[in-house]
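# Secondary and tertiary structure notes
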Amino acid sequence: MLQAFLRFITENQLFTPADRLLLTVSGGIDSVVLTQLCHEAGFSFGIAHCNFQLRGEDSDGDQLFVQQLAQKYGVDCHIERFETKIFAKKKGISTQMAARELRYPWFEEIRQQFRYDYILTAHHQDDLLETVLLNLTRGTGLAGLHGILPKKDRLVRPLLFAPRNNIQAFLTQNQLPWREDSSNASVDYARNRLRHHVVPILRELNPNVAASLATLAERVKATENLLAANRKTIEAEIISPEGSTIWIAIAPLE
């Protein structure tokens, strides 16, 4: 797992060993594994944790767990408590959207304040699968088909090479403690309904569906990059009624 992790980072030029990393850690399986891998790789990192105060004592328990995790690795720990429900009501958005709008600006604020080079999240191959499926159900273009990117500006996802079962296997092999988020079992959220009801059916058709879709996402992104690189004037050949050839300029692709 460690070698695959390092290879993915190198091949996608995500960051270098000299960079300081800010790991976003919830306390769940994925972020715990990301933290352990960064520790084993010898990277310099700190930990950031958001307490959205949505699950009472469980949320506080997650915060305490992450603080203890930071102590275990001897790294800085940045904590923020958000009034998520109040924010969601004020903005007229869902709690999930509110949590997203709260956490990413805060991560960037911490990155700049404490001079980290990159923000790392623990999104993995199954997250990519679910994101693309969600985008398809809502209607999407090329960006929606490539889904989560390994790197976007200062935001990096170095676990996108790994399916969920590989991450769980690494956690078990290394006997790493973690926190369960009870909301993951709820089918009130669209992503969870896909995870629990749709993805299992797709896996019956293709056990490697997450890896297959990850390959598709890479090809879509390559196509998108090609189009972006050629957004200059496109020329088209038109045959006039007299039979002569006319070249005309078509508006740039936008």
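Residues numbered from 1 in each chain as written. Predicted model: local features only at pLDDT ≥ 70, side-chain atom pairs only at ≥ 80, totals over all residues. Heavy atoms only, no water.

### Notes on the pairing of strand β2 (residues 44–51)
Taken across its 8 residues, β2 has 7 buried, putting it largely inside the fold. With 5 bridges joining them, strand β1 (residues 20–24) and β2 adopt parallel strand pairing. What sits directly across from Leu23, in β2, is Ile47. Relative to strand β3 (residues 77–81), β2 runs parallel, the two sharing 5 bridges. Each bridged residue has a counterpart across the sheet, and for Asn51 the counterpart in β3 is Arg81. Note that the unit made of β2, helix α3 (residues 57–73) and β3 has a crossover that is right-handed. (Buried < 20%, exposed > 50% of the residue type's maximum accessible area, 1.4 Å probe, protein only. Helix = DSSP H or I, 4+ residues; strand = E, 2+ residues; numbered from the N terminus. Pairing = 2+ DSSP bridges. Right-handed = clockwise from strand over helix to strand, strands pointing away.)

### Section: the confidence of the model for the protein chain
Of the residues in the protein chain, 86% reach a pLDDT of 70 or more, and the chain-wide mean stands at 86. Scored below 50 in pLDDT, residues 233–238 shows 19 contacts in the model against residues more than four places distant or in partner chains. Across residues 246–254, where pLDDT falls below 50, the model places 22 contacts with residues more than four positions away in sequence or in other chains. (pLDDT = per-residue confidence, 0-100. Contact = heavy atoms within 4.5 Å.)

### Some remarks on unusual backbone geometry
With phi around 50 degrees, Gln13 is a residue other than glycine that occupies positive phi space. Here Arg115, not a glycine, exhibits a phi torsion of approximately 60 degrees, which is positive.

### Side note on the nonpolar core
The biggest cluster of nonpolar side chains holds 49 residues, and the ones touching the most others in it are Phe5, Phe15 and Leu120. The contacts of Leu120, once residues within four sequence positions are left out, are Phe15, Leu21, Leu22, Leu23, Thr24, Leu34, Cys38, Val156 and Pro158. In terms of nonpolar packing, the next biggest core, distinct from the first, is built from 14 residues, Cys50, Phe52, Ile119 and Leu155 among them. (Core = buried A, V, L, I, M, F, W, Y, C linked by side-chain atoms within 4.5 Å.)

### Some remarks on the environment of Ser31
Within the secondary structure, Ser31 sits in helix α2 (residues 29–41). In this structure, the C-alpha to C-alpha distance between Ser31 and His123, residues 92 residues apart in sequence, is 8.5 Å. Leave out the neighbours within four places in its chain, and Ser31 touches Thr24, Val25, Ser26 and Ala122.

### Observations regarding the sheet that holds strand β4 (residues 118–120)
As summarised here, the arrangement of the 6 strands in space is β3-β2-β1-β4-β6-β5, forming an open sheet in which the pairing is mixed. Only two strands of the sheet have a single neighbouring strand rather than two, namely β3 and β5 (151–152). As paired elements, β1 and β4 share 3 bridges and run parallel to each other. Looking across to β4, one finds that Leu21 is bridged to Tyr118. Here α3 sits on the sheet in contact with β2 and β3, set at roughly 170 degrees to β2. (Axes fitted to C-alpha atoms, helices over the stretch in contact; angles between N-to-C directions.)

### Observations regarding the pairing of β1
β1 sits mainly inside the fold: 4 of its 5 residues count as buried. Once you follow β1 into α2 and on to β2, the crossover reads as right-handed.

### What to know about the environment of Leu133
Within the secondary structure, Leu133 sits in helix α6 (residues 125–138). Relative accessible area serves as the criterion here: at 15%, Leu133 is assigned to the buried category. Taking the C-alpha atoms as reference points, Leu133 and Val198, 65 residues apart in sequence, are found 9.4 Å from one another. Once residues lying within four places of it in the same chain are set aside, the contact partners of Leu133 are Leu194, Val199 and Leu202.

### Topic: the pattern of salt bridges
Two side chains with opposite charge may pair up if their charged atoms get near one another. Scanning the model with the defined rule gives 9 salt bridges in all. As a salt-bridge pair, Asp62 and Arg55 come within 2.2 Å of each other at their nearest N and O atoms. Taking the relative accessible area as the measure of exposure, Asp62 reaches 7% and is therefore buried. Take Arg55: its relative accessible area is 21%, and that puts it in the partly exposed class. One continuous salt-bridge network, built from bridges that share partners, spans Asp126, Glu130, Arg164, Arg195 and Arg203. (Salt bridge = Lys/Arg side-chain N within 4 Å of Asp/Glu carboxyl O.)

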